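Chain residues, written in single-letter form:
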Amino acid sequence: MTTARKFAVKKIGIIERYQEYLPVTEQTPIISLNEGNTPLILAEGLPREIGLKNVRIYYKFEGLNPTGSFKDRGMTMAISKALEEKSKAVMCASTGNTSASAAAYASRCGLKCFVLIPEGKIAKGKLIQAYRYGAKVVMIKGNFDQALELVKEITKKTKITLVNSINPYRIEGQKTAAFEIVDDLGDAPEYHAIPVGNAGNITAYWKGYQEYKKAGKSETLPQMLGFQAEGSAPIVNGKPVAKPETIATAIRIGNPASWKGALAARDESGGLIDAVSDKEITQAYRFIAEQEGVFAEPASAAAVAGVMKLAKKKYFKEGTRIVITLTGSGLKDPDFALSFDDKIETVEPTFDAVSESIMK
Ligand SMILES: *Cc1c(COP(=O)(O)O)cnc(C)c1O
């Protein structure tokens, strides 16, 4: 008879890792896909490119979460709590990543999942995730902000649980990314750059940094630097945008639900919220993939573009650290990824033909 092999490796997600900082109890069922624990990748090319020799820049690469975006941190909490509260179904409005994440975590515990998405503006990778994880997907002839209003109304009138970031458990889960950064660096960085769409994430990071400092885990707090796309920059403009437009579909939001949270993060941290153009976003998107080997989606690149823009204005002090959250994987948006002028060349299967082709 053979003895059973013991597996020593126990992988844990953010709830088990940070439960003392989260609203969970012994009664909370933990629905996890081992989210979190994402790498903090040291940028090599970016500091050189923007002339910051004495500044260390790190990418917090959230595209390596189970469904390819930071949304998983909030969703493990929101779905676990929905199950604890005996909910049978969840619903969200989504520019794509929230629905992918909600669908995955719901499928893991047998909850029904309904997602409402704006017509035609969802990156293909995100859409196929919602379908393959088995969600009921409804596309509306409208934008994200309209979808969210409808989800609020439906979840108010039914027993379906809303899992957008106005669900406070989402913010609770997402704040753990700030904990991980402090755990990795030994203290908070001087600056934290992040894209801003519905503004839940900037709110969550600021909450996380503050709570960790209160718990004695860090001595300092970062300046929070949020970036919106120029065509959908309600917070920068100080008023909602009726028809938001940008190639960065994950931040194509005209009336952010956590507007106040974003302003608090900006003002209390002494940071800023600025806008970057689609051109700047595209340049940053290509730069980090082509020069750093890090493939993130366009919305994530907005934060990189923001850091590039501020560096030109000599914003950053010497000897400091900047963390940039790369919110989602570049694989999410294959159509955008293939929208450039790369030519696929087909040649004869011979040594000479291939040699000639690669030497061009
Ligand atoms: C959701 C999302 C954002 C925006 O985050 P908010 O919390 O809505 O501000 C940015 N990038 C990606 C990839 C996202 O999925």
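Residues numbered from 1 in each chain as written. Predicted model: local features only at pLDDT ≥ 70, side-chain atom pairs only at ≥ 80, totals over all residues. Heavy atoms only, no water.

Here we look at the site of the ligand
Thinking step 1. Inspection of the region around the ligand gives 15 residues, with K71, N97, N198, A199 and T327 positioned closest.
Thinking step 2. Backbone polar atom of A199 to an oxygen atom of the ligand: 2.8 Å apart, as the coordinates give it.
Thinking step 3. T327 has a polar side-chain atom sitting 2.7 Å from a nitrogen atom of the ligand.
Thinking step 4. Protein chains bury 96% of the 380 Å² of accessible surface belonging to the ligand in isolation.
Thinking step 5. Here the shell around the ligand is composed, by residue class, of six nonpolar, seven polar and two charged. (Near = heavy atom within 4 Å. Polar contact = N/O pair within 3.5 Å; in protein donor to acceptor, adjacent residues only side chain to side chain. Areas by Shrake-Rupley, 256 points an atom, 1.4 Å probe, with all protein chains shown as cover. Nonpolar A, V, L, I, M, F, W, Y, C, P; charged D, E, K, R; others polar.)

Some remarks on the sheet that holds strand β7 (residues 191-195)
Sheet strands pair via backbone hydrogen bonds, and the direction of the pair is either parallel or antiparallel.
Thinking step 1. An order of β1-β2-β10-β7-β8-β9 is seen for the six strands of this open sheet, with the pairing classed as mixed. With one partner strand each, in any of the chains shown, β1 (40-42) and β9 (272-276) form the two edges of the open sheet. Here the average twist between neighbouring strands, direction ignored, is 25°.
Thinking step 2. Bridging between strand β8 (residues 223-229) and β9 involves five bridges; their strand directions are parallel. The residue bridging A229 from the neighbouring strand is V276, located in β9.
Thinking step 3. Contacts from helix α8 (residues 176-185) reach β1, β2 (56-61), β7 and β10 (321-326) within the one sheet, and its direction differs from that of β2 by about 135°. (Pairing = 2+ DSSP bridges. Helix = DSSP H or I, 4+ residues; strand = E, 2+ residues; numbered from the N terminus. Axes fitted to C-alpha atoms, helices over the stretch in contact; angles between N-to-C directions. Contact = heavy atoms within 4.5 Å.)

Looking at the sheet that holds strand β4 (residues 112-118)
Thinking step 1. Read across the open sheet, the four strands follow the order β5-β4-β3-β6; overall the sheet is parallel. Looking along the sheet, the strands with just one partner apiece sit at the ends: β5 (136-140) and β6 (161-162).

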